[in-house]
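If you want the building blocks of each chain, they are given just below.
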Amino acid sequence: MKKKGLIVGAGVSWFAWKLLIVVSLTLTIVLCMLAFLRLQRFLPSHSQNPSSSVSRRFLHPNWDSISFRGDPKVAFLFLARRNLPLDFLWKSFFENADADKFSIYIHSEPGFVFNESTTRPSFFHDRQLNNSIKVAWGEASMIEAERLLLEEALKDPANRRFVLLSESCIPLYNFSYIYNYLRASPRSFVDSFLDKKERRYNPNMSPYIPMSKWRKGSQWITLIRRHAEVIADDDVVFPVFKMFCKQSHNCIPDEHYVQTLLAMHDIEGELERRTITYTEWNQSATNMDKSSWHPVTFSYADAGAEQIKRIKDIDNVYYETEYRTEWCHNNSTQVPCFLFARKFSRGAAMRLLSEGVIYQFDASAIMDPTP
């Protein structure tokens with residue numbers, strides 16, 4: 001009897017152990033399925049066109065045709081770490097402009113307020129976003145901040161052009177010239193190109209972002225309203241970037257997101273595939289080590305009239321990976337490539353103002369503006 005009891009006890013124990021294994025495996029499968037379904041809420045299927053998944057909070061077939069009162073505005077979107085160190089230069093830029101033709105939005109660190117104690121120019125007072133986030137370079141938070149700026153600016157139907165600027169950017173021309181330059185073009189200015197040697201593409205993106213749509217380019221974009229809507233309203237491609245494009249994987253989201261998103265929507269034909277913000281890169285590294293290139297910061301000594309004229313005279317950009325020379329046109333008219341430049345120190349900006357370098361260009365319109 002004792003032996004039989006021992007056998008029965010062992011059988012029960014073995015049955016309980018198998019039941020525990022089955023329950024554990026079942027729970028694991030259920031959790032995996034829930035995680036997969038949760039992911040599918042944000043990501044398109046392999047065959048799905050992302051544009052069909054975009055929610056329609058803002059989108060309209062032709063935003064530029066929507067009626068509104070007053071002049072079309074250019075929205076200046078400043079992406080700042082904290083304050084705007086070149087606010088005194090921008091004061092000179094905006095004070096000579098028609099206040100009905102521009103608007104200003106600033107993404108700064110959470111809690112930072114632009115008022116009399118943090119900036120003298122009244123143009124910037126209370127222009128900070130109240131829903132700003134902590135931004136880290138090389139992370140998805142950078143493109144999230146850009147999207148927050150666009151979403152806020154899109155609330156004003158008069159905003160028709162959207163210019164993303166860093167805290168170290170300067171305007172190369174006065175307001176009238178820039179305003180007419182932007183209004184004259186029916187296209188967005190988005191630096192976008194293929195990189196055949198690109199190693200930043202994460203294969204885990206492939207079910208949602210095909211390699212053929214992967215693009216690279218400058219973060220500093222200028223958009224027409226319809227394209228700004230596409231970016232602000234995206235709930236498909238952004239979650240993929242947030243999950244798979246990370247600095248730890250040598251993927252910098254702000255150099256790929258907008259370009260890839262617009263390629264996914266098949267609207268590259270509506271772009272001038274170049275940026276209008278000049279950046280000078282330190283090319284002291286060898287050709288084999290271009291990953292170490294970094295933007296040059298212009299100091300007081302670098303910001304003379306000759307240097308600014310050199311930037312203004314640039315009329316084409318060469319894309320080595322595509323063997324493509326992008327001649328700078330605006331609505332079929334050949335124009336200077338750049339309206340803004342970065343990165344400028346406070347000393348450099350002071351010199352530009354004191355010597356009257358950046359406002360020597362004729363303010364008259366360069367072409368007939370379009371609505």
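Residues numbered from 1 in each chain as written. Predicted model: local features only at pLDDT ≥ 70, side-chain atom pairs only at ≥ 80, totals over all residues. Heavy atoms only, no water.

Engineer: Would you mind going over helix H9 (residues 346-354) in detail, with residue names and values included?
Structural biologist: Every buried residue of H9 is accounted for by Ala348, Ala349, Arg351 and Leu352. Projection of H9 onto a plane perpendicular to its axis shows the buried side chains occupying an angular sector of 160°, all on one side. Packed against the buried residues of H9 are helix H2 (87-95), strand E4 (170-171) and helix H8 (305-312). Positive backbone phi, approximately 60°, marks glycine 356, located one or two places after H9. (Buried < 20%, exposed > 50% of the residue type's maximum accessible area, 1.4 Å probe, protein only. Helix = DSSP H or I, 4+ residues; strand = E, 2+ residues; numbered from the N terminus. Arc of directions from axis to C-beta. Contact = heavy atoms within 4.5 Å.)

Engineer: Lay out the state of the cysteines in plain terms, naming residues and giving numbers.
Structural biologist: Applying the stated criterion across every chain yields a total of two disulfides. Put simply, cysteine 245 and cysteine 251 are joined by a disulfide, and their sulfur atoms are 1.9 Å apart. Residues cysteine 245 and cysteine 251 are joined by a disulfide whose S-S torsion is about -85°; by sign, that bridge is left-handed. Neither residue differs from the other here; cysteine 245 and cysteine 251 are each classed as buried. The disulfide partner of cysteine 328 is cysteine 337, and the gap between their sulfur atoms is 1.8 Å. The chirality of the disulfide connecting cysteine 328 with cysteine 337 is right-handed, given an S-S dihedral of about 90°. Here cysteine 328 falls in the buried class, since its relative accessible area comes to 0%. A residue is classified by how much of its surface remains accessible, and cysteine 337, at 0% relative accessible area, is buried. (Disulfide = S-S within 2.5 Å.)

Engineer: Would you mind going over the environment of lysine 91 in detail, with residue names and values included?
Structural biologist: Among the structural elements, lysine 91 can be located in helix H2. C-alpha of lysine 91 to C-alpha of proline 121: the two residues are 30 residues apart in sequence and 5.8 Å apart in space. Not counting chain neighbours up to four residues away, the residues in contact with lysine 91 comprise Pro121 and Phe123.

Engineer: I'd like a description of the pattern of salt bridges, backed by residues and values.
Structural biologist: Under the definition given, this model contains 16 salt bridges. Glutamate 152 serves as the salt-bridge partner of lysine 155, at 3.2 Å between the closest nitrogen and oxygen. When the shortest N-O distance is used, the salt bridge between glutamate 322 and arginine 324 registers 2.6 Å. Across this residue pair, the class does not change: glutamate 322 and arginine 324 are buried. In this structure, a network of salt bridges that share partners links the residues Arg273, Glu322, Arg324 and Glu326. (Salt bridge = Lys/Arg side-chain N within 4 Å of Asp/Glu carboxyl O.)

Engineer: Tell me what's going on with the nonpolar core, and back it up with residues and numbers.
Structural biologist: Counting 52 residues, the largest nonpolar core has Phe76, Phe78, Trp90, Ile170 and Phe344 as its most contacted members. When residues in this core are grouped by element, the largest group, six residues, is from helix H4 (residues 175-184). Setting aside its immediate chain neighbours within four residues, phenylalanine 76 contacts Trp90, Phe93, Phe94, Phe102, Ser103, Ile104, Tyr105, Val163, Leu165, Phe175 and Phe340. Counting residues in hydrophobic clusters, the runner-up holds 44 residues, among them Ala75, Tyr208, Cys251 and Ile267. (Core = buried A, V, L, I, M, F, W, Y, C linked by side-chain atoms within 4.5 Å.)

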